[in-house]
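What follows is the residue order along each chain.
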Amino acid sequence: MPSLDLNTAAEKHVTRVVIEPGAAARAGSYVEPLRPSKVLLVSETTVAPLLADKVLASLRSAGLDAEGEFFSSGEASKSPQVVEVIHGRLAAMALGRDGVIVALGGGVVSDVAGFAAATWMRGVRFVICPTTMEAMLDASIGGKTGINLPAGKNLVGAFHHPSLVLIDPTTLNTLPPRDVRAGLAESIKHALVFDEAFVGWHEANVECVLKLEPGAVTELIHRNVRIKADVVAADPYERTGRRALLNFGHTIGHALEAECGYALRHGECVAMGMAAALSLSVRCAGLAADQARRGRQLIEAFGLPVRWSACVAASQHIDPHALLERTRTDKKNAAGRRRFVLVEAIGRAKVVDDVDDESLQEAIREVLT
Ligand SMILES: NC(=O)c1ccc[n+]([C@@H]2O[C@H](COP(=O)([O-])OP(=O)(O)OC[C@H]3O[C@@H](n4cnc5c(N)ncnc54)[C@H](O)[C@@H]3O)[C@@H](O)[C@H]2O)c1
Ligand SMILES: [Zn+2]
């Protein structure tokens, strides 16, 4: 089974990524070589009943002094209060600089537990055992950790790379199909932006990926981890612009997410954001119209929406002007200009600085039909 050593940060930090069916139940044998004096397993109330006993038993049978701390599942737990609870637990168990935090769950757990690890004693090591498609393909790689404030999502955070990412694809078997599909939006994004051959792979493997066939899922995860790690290694702290390409579909996606009050999954909003960005790419980046169609068909083949009317929350009205306004405040905009990641060809993206309002309004109109 694939095991990668990824150079993911400037100061030669190496993250080991293991992709192996059954790895969660063997977590102890992977964490033990880090020689932690103590381990805190952090998880949430949906994932813990499914997996925490197995992981804790494995950590303990490897001779590790391990405890568990579980918070309520859901985005609301990416909060300062939950970080405080985790820090309180670390203090109570006297986990020192040589301790390790293991995050077991989706992106919510890895973001909040990673941030707790980044800030406990100015940084202790952490391990991610991702259990959602979103976390396996995206959130586990790249070292971004953080929490939300009432003023906005991910406003407080730190770059803190995990020492190990332990991916057990069989944990996806209990994930609701809607969450599986939503996570796959990130895979489609990686392919459209960086790798045309991977677009072809997606087109040929829709059925087996959606059925979570082990071979296809393992290859999918492996290729996504590779793509994201290469981008992160080239631009670890989002300074050169390379990493910005990962925001394809996310400007309109984030605006939609906020405008519908987070009624839809992130990946569903990104799917529509990518559909809009493909239209914009035809107008502003020279993408051939048939290639934009190909991209939209791929998104739909994975059961993801390219239009608002195809969504479960479609009864809710989205105001195009409000949506447009939200893209104006997107943090990726350079002063006074509209900056978008667009694809000039399938598998090749660039940042376009001067997207005009008319083209953007048209793309938004299309998506909101
Ligand atoms: N740090 C990053 O680079 C990065 C990248 C992308 C997303 N994120 C963050 O990740 C979060 C979204 O991640 P997510 O989609 O994994 O959300 P999530 O962690 O909330 O998980 C989605 C749902 O699936 C449930 N779940 C998780 N694993 C399961 C399993 N194996 N079986 C059954 N149910 C399971 C969860 O309880 C939850 O209800 C957001 O907060 C986002 O900001 C971070
Ligand atoms: Zn995303």
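One numbering rule holds for all chains: residues counted from 1, following each sequence as written. A letter from A marks each chain and a number from 1 marks each ligand, given out in the order of writing. In keeping with the model being predicted, local features are shown solely for residues with a pLDDT of at least 70 and side-chain atom pairs are shown and tallied solely at 80 or more, while totals for entire chains, interfaces and linings include all residues.

K.L.:
Could you clarify how one ought to interpret the overall build of the protein chain in this entry?
P.N.:
The number of helices and strands found in the protein chain is 14 helices and 11 strands. Relative to the 2.2 N^0.38 estimate, which gives 21 Å for 369 residues, the radius of gyration of the protein chain is 20 Å and therefore close to what a compact globule would have. For the C-alpha atoms alone, the extent of the protein chain along its principal axes is close to 60 × 40 × 40 Å. Burial in this document is a count-based property: other C-beta atoms within 10 Å of a residue's C-beta are tallied, and the residue is buried at 20 or more, exposed at 12 or fewer, or partly exposed in between, with C-beta positions derived from the backbone. The buried share of the protein chain, reckoned over its 369 residues, is 49%. Placing a C-beta atom from the backbone of each residue, one calls two residues in contact when those atoms lie within 7 Å. Of the contacts formed within the protein chain by residues at least 6 apart in sequence, a portion of 75% connects residues at least 24 apart. Secondary structure follows DSSP: runs of H or I at least 4 residues long count as helices, runs of E at least 2 residues long count as strands, and numbering of each begins at the N terminus. Note on method: radius of gyration uses C-alpha positions; expected globular size equals 2.2 Å times residues raised to 0.38.

K.L.:
Sorry, what's going on with unusual backbone geometry here?
P.N.:
Most of the time, phi is negative for any residue but glycine, and the peptide bond is trans. Residue Ala94 is not a glycine yet carries a positive backbone phi of 55 degrees. Along the chain, the position of Ala94 falls in the loop between helix H3 (80–92) and strand S5 (100–105). For Glu238, which is not glycine, the phi torsion reads 60 degrees and is therefore positive. With respect to the helices and strands, the residue Glu238 is situated in the loop between helix H9 (214–234) and helix H10 (250–259). The exposure class assigned to Glu238 is partly exposed, which follows from the 16 C-beta atoms found within 10 Å.

K.L.:
Which parts of the structure should I look at to understand the domain arrangement of the protein chain?
P.N.:
How big an interface is tends to be expressed through the accessible area that disappears when the partners come together. According to the domain assignment, the protein chain consists of domain 1 (3–174) and domain 2 (177–368). A C-alpha centroid distance of 27 Å is found between domain 1 and domain 2. Broken down by secondary-structure element, the contributors of at least two residues to the side of domain 1 that touches domain 2 are strand S1 (3–7), strand S2 (14–19) and helix H5 (133–139). Here the side of domain 1 that touches domain 2 gets 5 residues from one element, more than from any other, and that element is H5. In this entry, domain limits derive from an automatic or database-based domain assignment.

K.L.:
Just checking my understanding: could you explain the packing of helix H11 (residues 266–284) against helix H14 (residues 357–368) for this structure?
P.N.:
Two numbers describe a pair of packed helices, the interaxial angle and the distance between the axes. One can describe the packing of H11 onto H14 by two numbers: an axis separation of 9 Å at closest approach and a directional angle of 140 degrees. As summarised for this structure, H11 and H14 are arranged oblique, according to the angle between their axes. You can see that H11 and H14 cross each other, and the crossing is right-handed. Between H11 and H14, the contacting residues are Met272, Ala275, Ala276, Ser279, Leu280, Arg283 and Cys284 on the first element and Ser359, Leu360, Ala363, Ile364, Glu366 and Val367 on the second. A per-class count over the contact of H11 with H14 returns 9 nonpolar, 2 polar and 2 charged. Here, axes are lines fitted to C-alpha atoms. For helices the fit covers the stretch in contact, and angles between N-to-C directions go from 0 to 180 degrees. Our angle categories are set so that under 35 degrees counts as roughly parallel, over 145 as roughly antiparallel, 65 to 115 as roughly perpendicular, and the remainder as oblique. Handedness of a helix crossing follows the sense of rotation of the near helix relative to the far helix, less than a right angle counterclockwise being left-handed and clockwise being right-handed. In the scheme used here, Gly and all other residues not listed as nonpolar or charged are polar, with Ala, Val, Leu, Ile, Met, Phe, Trp, Tyr, Cys and Pro taken as nonpolar and Asp, Glu, Lys and Arg as charged.

K.L.:
Help me understand the site of ligand 1, please; the structure alone is not making it clear to me.
P.N.:
We call a residue near a molecule or strand when the C-beta position, derived from backbone atoms, sits within 6 Å of it. In the vicinity of ligand 1, 27 residues are found, and the nearest of them are Thr46, Gly106, Gly107, Thr132 and Ala139. Elements supplying a minimum of two residues to the shell around ligand 1: helix H4 (107–119) and H5. Class assignment of the residues belonging to the shell around ligand 1 gives a composition of 7 nonpolar, 12 polar and 8 charged.

K.L.:
What's the story with the pairing of strand S10 (residues 340–345) in this structure? I'm lost.
P.N.:
Two strands form a pair only when DSSP identifies at least two bridges running between them. Sheet topology note: the S10/strand S11 (residues 348–352) ladder contains 5 bridges and is antiparallel. Counterpart to Ala345 in the pairing with S11 is Arg348. Counted between consecutive antiparallel strands, the loop separating S10 from S11 contains 2 residues, among which Gly347 sits at a positive phi close to 95 degrees.

K.L.:
What am I meant to see in the pairing of strand S6 (residues 125–130) here?
P.N.:
It is a general feature of regular strands that their side chains alternate between the two faces of the sheet. Counting buried residues along S6, 5 of its 6 residues qualify, which places the element largely inside the surrounding structure. Across 6 bridges, the pairing between S5 and S6 is parallel. In the sheet register, Ile101 faces S6, and the bridge partner there is Phe126. When the strands point away from the viewer and the path from the first strand over the helix to the second turns clockwise, the crossover is right-handed. Handedness of the crossover is the feature at issue here: the chain leaves S5, passes through H4, returns alongside S6, and the resulting connection is right-handed. The pairing of S6 with strand S9 (residues 164–167) spans 2 bridges and is parallel. What sits directly across from Ile128, in S9, is Val165.

K.L.:
How should the nonpolar core be read in this particular structure?
P.N.:
Nonpolar side chains in soluble globular proteins generally cluster together in the buried interior. Core analysis: the largest hydrophobic core is formed by 118 residues, its most contacted members being Leu41, Ile101, Val102 and Leu104. Ranked by residue count, the leading element in this core is H11, at 11 residues. Counting only domains with at least three residues in this core, you end up with domain 1 (3–174) and domain 2 (177–368). Ignoring sequence-local partners within four residues, the contact set of Ile101 consists of Leu40, Val42, Ala113, Ala116, Ala117, Val124 and Phe126. Connectivity within a nonpolar core runs through C-beta atoms within 7 Å, and the core itself is a set of buried Ala, Val, Leu, Ile, Met, Phe, Trp, Tyr and Cys residues.

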